[in-house]
Amino acid sequence: MGAIRFALIGVGKIARDQHLPAIAGNPDFDLVAAVSHHDPELDVPWFATLDALMASGIAVDAVALCTPPQVRHALAVQALHHGLHVFLEKPPGATLAEVETLRAIADARGRTLFASWHSRYAAGVDLAKAWLAERQIRAVRIVWREDVREWHPGQEWIWQAGGLGVFDPGINALSIATHILPQPFHATQAVLYVPANRDAPIAADVAFTDVSGTQMSMNMDWRETGAPTWDITVETDDGTLRLSVAIGHARLVLPHALHEGPDREYAALYARFARLIADGISDVDVAPLRHVADAFLLGQRRLVEPFVE
Ligand code: NAP
């Protein structure tokens, strides 16, 4: 089989920082076009809409949707109806039900749908999962704090309904937690701190428990002005695990071992997408998005001071 003829849809920060280098580094993919509101000035033809690309006659096998989540569903439906395989950036949609619809369309048309969770491919994550599988979990603490002005400058969509606010990075922690913790868990309480001039929370505290009654806490805050913290700490009957996931690097500290590694998340995501297409299957795990939806369902909303960029 030749390379997968590929188009990138939505050429913003993540497309430029991660998707383009990962595609360039993977011979299974051949970037043939880009779809974006503005000319992204790449070395491939650019189209303002997916319809325009489809009408151009350029042959495309698959797309990655790197737009904000609020427009992802409509684009994914369009792409699947054109018979394309679809790679969804995280979160896979703005709602759970819309992702189920996509899964049904992909299955009916025999196309691959990949709901990607990049943080699951960070260094140390699989080792953490294997280590925890053999231990008794006593408590879990997730702390995800970063300065929104530094990490999401000018991203209006992130503050609008469906943009998730502080859960946009927080869902990365949940994608790891749902992957490495041996038991399913669910939210029991949530407090969402919402700026008076925005739809989405700037901070949130969520409590979870699992079937054994293990307590889990999650603190997310975009008002952090110092260095970011992206830490998952798990206390077990055999010592404490700490996984720290930074941009470009991850560090796993176990009682008698340290594992560190560079960022290979998007290289691994594209290798996975190529494998899924070759095998003719989809990978659509909505567990992280379900926890976010539950936090919004349970959440007490507290209005906080307006956020002005
Ligand atoms: P971004 O910088 O705002 O980029 C989004 C891009 O999508 C913009 O170029 C936007 O163009 C374009 N776009 C919007 N609607 C479109 C449409 N209908 N058709 C074509 N293009 C469209 O956002 P981002 O940070 O890259 O994030 C995008 C997604 O990736 C989010 O779901 C986010 O959670 C995820 N993600 C981001 C990061 C990160 O570090 N930034 C990491 C992992 C995952 P206009 O601005 O011209 O509208």
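Residues numbered from 1 in each chain as written. Predicted model: local features only at pLDDT ≥ 70, side-chain atom pairs only at ≥ 80, totals over all residues. Heavy atoms only, no water.

Student: Can you break down the site of the ligand residue by residue, with the values?
Tutor: Residues in contact with the ligand amount to 24 residues; listed here are only the nearest, Ile-14, His-37, Arg-72, Gln-155 and Asp-168. The separation between an oxygen atom of the ligand and a polar main-chain atom of Gly-12 is 3.5 Å. For the ligand, an oxygen atom lies 2.8 Å from a polar atom in the side chain of Gln-155. Starting from 900 Å² of accessible surface for the ligand in isolation, the protein chains cover 80%. (Near = heavy atom within 4 Å. Polar contact = N/O pair within 3.5 Å; in protein donor to acceptor, adjacent residues only side chain to side chain. Areas by Shrake-Rupley, 256 points an atom, 1.4 Å probe, with all protein chains shown as cover.)

Student: Could you give an account of the pattern of salt bridges, naming the residues involved and the relevant values?
Tutor: Under the definition given, this model contains 14 salt bridges. Arg-5 serves as the salt-bridge partner of Asp-61, at 2.9 Å between the closest nitrogen and oxygen. Of the two residues, Asp-61 sits in the loop between helix 2 (50-55) and strand 4 (62-65) while Arg-5 sits in strand 1 (residues 4-9), which places them 56 residues apart along the sequence. Across the pair Asp-285 and Arg-120 runs a salt bridge, and its minimum N-O distance is 2.9 Å. Of this pair, Asp-285 sits in the loop between helix 8 (265-279) and helix 9 (287-298) while Arg-120 is found in the loop between strand 6 (113-115) and helix 5 (125-133), placing the two residues 165 residues apart along the sequence. (Salt bridge = Lys/Arg side-chain N within 4 Å of Asp/Glu carboxyl O. Helix = DSSP H or I, 4+ residues; strand = E, 2+ residues; numbered from the N terminus.)

Student: Describe the side chain of Glu-89, naming the residues involved and giving the relevant values.
Tutor: Its place among the elements puts Glu-89 in the loop between strand 5 (85-88) and helix 4 (96-109). Here Glu-89 is buried and forms no salt bridge, its nearest opposite-charge partner Lys-90 lying at an N-O distance of 5.9 Å. Reaching out from Glu-89, the side chain makes a polar contact with the side chain of His-19 at a distance of 2.8 Å. Within polar-contact distance, the side chain of Glu-89 engages the side chain of Tyr-266 at 2.6 Å. Residues within four places of Glu-89 in sequence aside, it is in contact with Ile-14, His-19, Leu-65, Cys-66, Arg-72, Ser-116, His-118 and Tyr-266. (Buried < 20%, exposed > 50% of the residue type's maximum accessible area, 1.4 Å probe, protein only. Lys, Arg positive; Asp, Glu negative; His and termini not counted. Contact = heavy atoms within 4.5 Å.)

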